[in-house]
Amino acid sequence: MAWARDLGWSLLAWCLGLALQLQQAVLWSGSVYGACMALALVGAWLLRRVPLFQSAHAGVRQALWGLVWATAAFGLTGWQAGTRAVGMAPWLEGQDLDVVGVIQAMPQRQDLGWRFRFRLEQARRVDKSGARHELNLGADLPTQVYLGWYGQDGLHDSGWNVSPLPEPVKAGERWRFRVRLKAPHGHMNPRGFDYELWLWEQGIRATGYVRSGAKDPAPQRLVHTGAHPIEAWRQSVRDRLLSQETLAGGDAAAAQRAGVVAALVTGDQAAIERADWDVFRATGVAHLMSISGLHVTMFAWLAGGLVAWGWRRSALWGFNGALRWPAVHVGALAGWALAGFYALFSGWGVPAQRTLWMLGVVLLLKMSARHWHGRLIWLLAGTLVLTLDPWAMLQPGFWLSFVAVGVLMASGRAHPAARQPAGTQSSSDPLQGQAHLPPQPRGLLSVWHGLMRLVREQAIVTLALAPLTLLFFGQVSLVGLLANLWAIPWVTLVVTPLAMLGLLGSGFAVLAAWALQPLMSGLGWLATWPMASVSTAMPSWGLGALALLGAWGLVLKLPWSWKLLCLPLLWPVLWGESPRPEAGHFELLAADVGQGNAVLVRTATHSLLYDAGPRYSAESDAGHRVLVPLLAQMGERINTLMLSHRDSDHTGGAAAVLAMQPQAALWSSLEDAHPLHALRPGWVRCQAGQSWVWDGVQFEVLHPALSPNAPGRTPRPNEVSCVLRIGNGKSSVLLAGDIEVAQEQALLQAGSPSAGPSGLAPVDVLLVPHHGSQTSSSAAFLQALQPRFALVQAGYRNRFGHPAASVVSRYQAQGIALVDSSRCGAATWRSDVPDEVQCERVRARRYWHHVMVP
């Protein structure tokens, strides 16, 4: 039909206009976006009223209409972004602020405290004299911030000193805090998690922490306002489910299962332990362990069916309404409304929203007696979701869920009206009866046909989504088909209903936890299979799109000759690797890990990781959060991990890296009894004079020297930092760890094999010693090295003040370009292009990213 084709084209054009706006590095003024929307309205009027356009060729008119819709979407999305762009005044960052506000959402329990959204109602700046100055919310400060309240008294080089946890906070409570805030600022690494985008999508424009030291006023709970009752209920349910008494367990395994039950009911994915997430990802069932479209659809189907049954029975009880409104419509409306409540209760996550809007579209069309093609419904639902939340287009979940539904519809494996948008299998339409479905076989034959249909659909989805999984995560599960065939019906029909019934009584929650036990044991066994999951370098977007096209061709109803032609499209994604330097050259990638060092050095066939970043808390480190994902998306297998010294901002992520890179050798200056050495019994101690050559690139250890320690004195960790020089005869770099002035002078006196006895040879790149501390980077050291670039790996607004202002001035005075990771993000330097450093914050900049004030 012509109208359906035109509508489909208009919806596609709308999505393209929206996608174009998301590529902007800087937002335009609101008047420009308003002009775009006005121009679209004028264009629509001209196309409908002016005879010249009405008589134009159909293709021309379609193109013009597409331009109109794309312009309108661009303007509307830009206007929406402008409403979120109000941040905090830069001069208020790091200032003591006395604030009063309400906790908006269920707080997230952290290992050392709480994280929660806080809506400001009042804010005052506290100056050094103690005087308070009123601030203007919406101008000086945003009204919504993300706070942390921790129970530690400081992070030291040896780790965390933990004091008692702060008292629990609850959604809806009004508190008075003394806080320090800063602009949203996350790590920026190639293809890494965009924390600033996540905050932007949540409407959060400042983050900070509660100050509760001896000199600060104690946090004060003022009153429970009664606001956000659903969030308060969620929190009470989560806390009850996580209690060991509720699940009648008491051991660690019971606590793990309790976290999964809590996640299925309340949507708190943080309740699931990291080890369990690793198993779920390896077996391809992670989508089942959070509130997804599958759960919302199932809830709508069950609720709608029960309401429709009761509505029909009500006629026998003398209720006349049952004779006026069809039970199927009443059940559908009730199912959709109750599913909306469930989506709200589970945290109103993006997958649940997508499902709810798609079900709403299907319901509206069903009740209006309109019969649209399934693909048009699919496209309309996707457009609606993106219009309400444009930034969902940048989330992997959006593409995985909608592509899963789309491929099932395109392959003709499921009824068009029975699609659920966020799961990975199709199910019966929860909003209608079975009158329109073809008759099904009965008895054992029916069970067999149902099982085979499930196998076919899961196989189709697994194959079709494999390129997207590699594109977004660099990993695909080879046991996913088998695991999902078992896990989907068990979680959907047994575990999740029991978990939701746990709202009515704790006995159901106990049964849900018991039902999880065989599932988690089986998934853990599958995860231990050889090649249970395969990790490859993340392909480029272009190769990913070609692989997706090839996978779709394999599952669609096409001739076998066409399917064979689709196979070569998968090859670059399955067997591709990240481009490497040519022989004789090398590449440096200084990862953005915050306050700590982590530098990846790559030659033609070898890789070395210098330091492993910091520990962020007792259970979070740069290894799990940054380095392991970064190495996985590059398809990198490192040969050596060199830990310069024992400080936790250099070794924090080492255990995670060594666990995920079993082939990696360990070099360090750590004491013999350090726990990390137990992970690599054959570890090697760094000593001056060690050297080797990889692919025409020379590596030299310049420090620590072999001289004995002073009698009765144990050297400080910084004094024994491994210093590594890398060069190819034309370009070179020096990785200096945390050496201080005394060690710099010793290096100048000792020289290096590359420079001979005359001293240190100049280098192109210097990893700034000790993150730019005042105890390092002496003028003589810089004059000897004469680097073009100096890389500073330091956290944004770190508590040490790195890099120190005096050190920055010293580098600037000698004409050395200082590259700060807080401004640059991950920094990449290549020996074949020695006069250029690529900054991830510059390369991938978008308007939601924080731009530091000079």
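Structure's up top.
Residues numbered from 1 in each chain as written. Predicted model: local features only at pLDDT ≥ 70, side-chain atom pairs only at ≥ 80, totals over all residues. Heavy atoms only, no water.

A. Summary view of the overall build of the chain. The secondary structure content of the chain amounts to 27 helices and 29 strands. Here the C-alpha atoms of the chain give a radius of gyration of 30 Å, agreeing with the 29 Å that 2.2 N^0.38 yields for 854 residues. Along the longest, intermediate and shortest principal axes, the C-alpha atoms of the chain span 100 × 70 × 65 Å. Counting the 854 residues in the chain, one finds 51% classified as buried. Within the chain, residue pairs in contact and separated by at least 24 positions form 71% of the contacts whose partners lie at least 6 positions apart. Mean positive and mean negative side-chain charge positions of the chain (66 and 52 charges, respectively) differ by 12 Å. (Helix = DSSP H or I, 4+ residues; strand = E, 2+ residues; numbered from the N terminus. Rg over C-alpha atoms; globule rule 2.2 N^0.38 Å. Buried < 20%, exposed > 50% of the residue type's maximum accessible area, 1.4 Å probe, protein only. Contact = heavy atoms within 4.5 Å. Lys, Arg positive; Asp, Glu negative; His and termini not counted. Charge placed at Lys NZ, Arg CZ, Asp CG, Glu CD.)

B. View of the packing of aromatic side chains. Throughout the structure, instances matching the rule amount to 29 aromatic pairs. Ring pairs connect the aromatic residues F116, F118, W149, W175 and F177, which therefore count as one cluster. Sitting over the ring of W560, K563 keeps its end group 5.8 Å from the ring centre. Note that R625 overlies the ring of Y616, its terminal NZ or CZ placed 4.4 Å from the centroid. (Phe/Tyr/Trp six-rings, centres within 6.5 Å; stacked < 30°, edge-to-face > 60°. Lys NZ or Arg CZ within 6 Å of the ring centre and 35° of its normal.)

C. View of the state of the cysteines. A complete count under the given rule lists two disulfides for this structure. What pairs with C686 in a disulfide is C722, and their sulfur atoms sit 2.4 Å apart. Given an S-S torsion of about 100 degrees, the disulfide between C686 and C722 has right-handed geometry. Highlighted residues: C686 in the loop between β20 (684-685) and β21 (691-694) and C722 in the loop between β22 (697-703) and β23 (723-727), separated in sequence by 36 residues. A sulfur-sulfur separation of 2.1 Å characterises the disulfide bridge that pairs C824 with C839. Handedness here is read from the sign of the S-S torsion; for C824 and C839, about -105 degrees, the answer is left-handed. Within this pair, whereas C824 is found in helix α26 (residues 821-824), its partner C839 is found in strand β29 (residues 833-839), the two being separated by 15 residues in sequence. Exposure class is identical for C824 and C839. Each is buried. Sequence-ordered numbering of the bonded cysteines in the chain gives a disulfide pattern of 1-2, 3-4. (Disulfide = S-S within 2.5 Å.)

D. Local environment of unusual backbone geometry. At the junction of H703 and P704, the peptide bond is cis and its omega measures out at 10 degrees in the coordinates. Mapped onto the fold, P704 is located in the loop between β22 and β23. We note that M531 has phi near 60 degrees; this positive angle belongs to a residue other than glycine. A residue is classified by how much of its surface remains accessible, and M531, at 57% relative accessible area, is exposed.

E. Summary view of the packing of helix α8 (residues 274-282) against helix α17 (residues 506-527). In contact at an axis separation of 9 Å, α8 and α17 are set at 65 degrees when each is read in the N-to-C sense. As judged from the angle between their axes, α8 and α17 are roughly perpendicular. In the packing of α8 onto α17, the handedness of the crossing is left-handed. The segment α8 lies against α17, with D276, V279, F280 and A282 engaging M520, L523, G524 and A527. When the residues that make up the contact of α8 with α17 are grouped by side-chain class, the tally is six nonpolar, one polar and one charged. (Axes fitted to C-alpha atoms, helices over the stretch in contact; angles between N-to-C directions. Parallel < 35°, antiparallel > 145°, perpendicular 65-115°, else oblique. Left-handed = near helix turned anticlockwise from the far one by under 90°. Nonpolar A, V, L, I, M, F, W, Y, C, P; charged D, E, K, R; others polar.)

F. Highlighting the sheet that holds strand β13 (residues 587-590). One open sheet accounts for eight strands, arranged β20-β19-β18-β15-β14-β13-β28-β29; its pairing is mixed. This sheet does not close on itself; its edge strands, each paired only once, are β20 and β29. Of the pairings in the sheet, the one linking β13 to strand β28 (residues 827-830) comprises four bridges and is antiparallel in character. Bridge pairing in β28 links L589 to T828. Of the strands in this sheet, β13, β14 (599-602) and β15 (607-610) touch helix α20 (residues 622-634), which is tilted by about 25 degrees from β14. (Pairing = 2+ DSSP bridges.)

G. Examining the sheet that holds strand β26 (residues 789-792) more closely. In spatial order, the strands read β21-β22-β23-β24-β25-β26-β27; together these seven strands make up an open sheet with mixed pairing. Looking at which strands have only one partner, the edges of the open sheet turn out to be β21 and β27 (817-820). In this sheet, neighbouring strand axes are inclined to one another by 20 degrees on average, regardless of whether the strands run parallel or antiparallel. Taken together, the four bridges between β21 and β22 define a ladder with antiparallel strand orientation. Across the sheet, the residue bridging to W694 is V697, located in β22.

H. Molecular detail of a nonpolar patch on the surface. Nonpolar side chains collect at one region of the surface, where W233, F341, L501, L503, L504, F508 and L511 lie side by side and expose about 640 Å² of accessible area between them. Counting through the fold element by element, L511 comes out in helix α17. (Patch = residues over 30% accessible without salt bridge, like charges linked within 9 Å, V, L, I, M, F, W, Y side chains within 5 Å. Areas by Shrake-Rupley, 256 points an atom, 1.4 Å probe, with all protein chains shown as cover. Salt bridge = Lys/Arg side-chain N within 4 Å of Asp/Glu carboxyl O.)

I. Structural context of the nonpolar core. The biggest cluster of nonpolar side chains holds 34 residues, and the ones touching the most others in it are V260, F280, V285 and M289. For this core, the elements supplying multiple residues, two or more each, are α6 (229-242), α7 (252-266), α8, α16 (480-501) and α17. The element best represented in this core is α17, accounting for nine residues. Aside from chain neighbours lying at most four places away, what touches V260 is I272, F280, M289, L516 and M520. (Core = buried A, V, L, I, M, F, W, Y, C linked by side-chain atoms within 4.5 Å.)

J. Inspection of the packing of helix α13 (residues 374-388) against helix α14 (residues 396-411) at higher detail. Remark: α13 packs on α14, axes separated minimally by 10 Å, with the N-to-C direction vectors making an angle of 170 degrees. Overall, the two elements α13 and α14 adopt an arrangement that is roughly antiparallel. Mapping the contact onto sequence places G374, R375, W378, A381, G382, V385 and L386 in α13 and F398, F402, V405, G406 and M409 in α14. The class makeup of the residues in the contact of α13 with α14 is eight nonpolar, three polar and one charged.

K. Structural detail: the pattern of salt bridges. Under the criterion given, the structure shown has 26 salt bridges. A salt bridge links R178 to D98, with the shortest nitrogen-to-oxygen separation between them at 2.8 Å. In this pair, R178 sits in strand β8 (residues 173-182) while D98 sits in strand β1 (residues 97-103), placing the two residues 80 residues apart along the sequence. E719 is the partner of R716 in a salt bridge, and the nearest nitrogen-oxygen pair spans 3.4 Å. Look at R716 and you get partly exposed, because its relative accessible area is 38%.

L. Structural view of the side chain of E196. Within the fold, E196 resides in helix α5 (residues 195-201). According to the relative accessible area criterion, E196 is buried, its value standing at 1%. Aside from chain neighbours lying at most four places away, what touches E196 is P184, H185, G186, R841, W848, H849 and H850.

M. Expanded view of the pairing of β27. As paired elements, β26 and β27 share four bridges and run parallel to each other. Bridged to V792 within β27 is D820. Handedness of the crossover joining β26 and β27 through helix α25 (residues 805-813): right-handed. (Right-handed = clockwise from strand over helix to strand, strands pointing away.)

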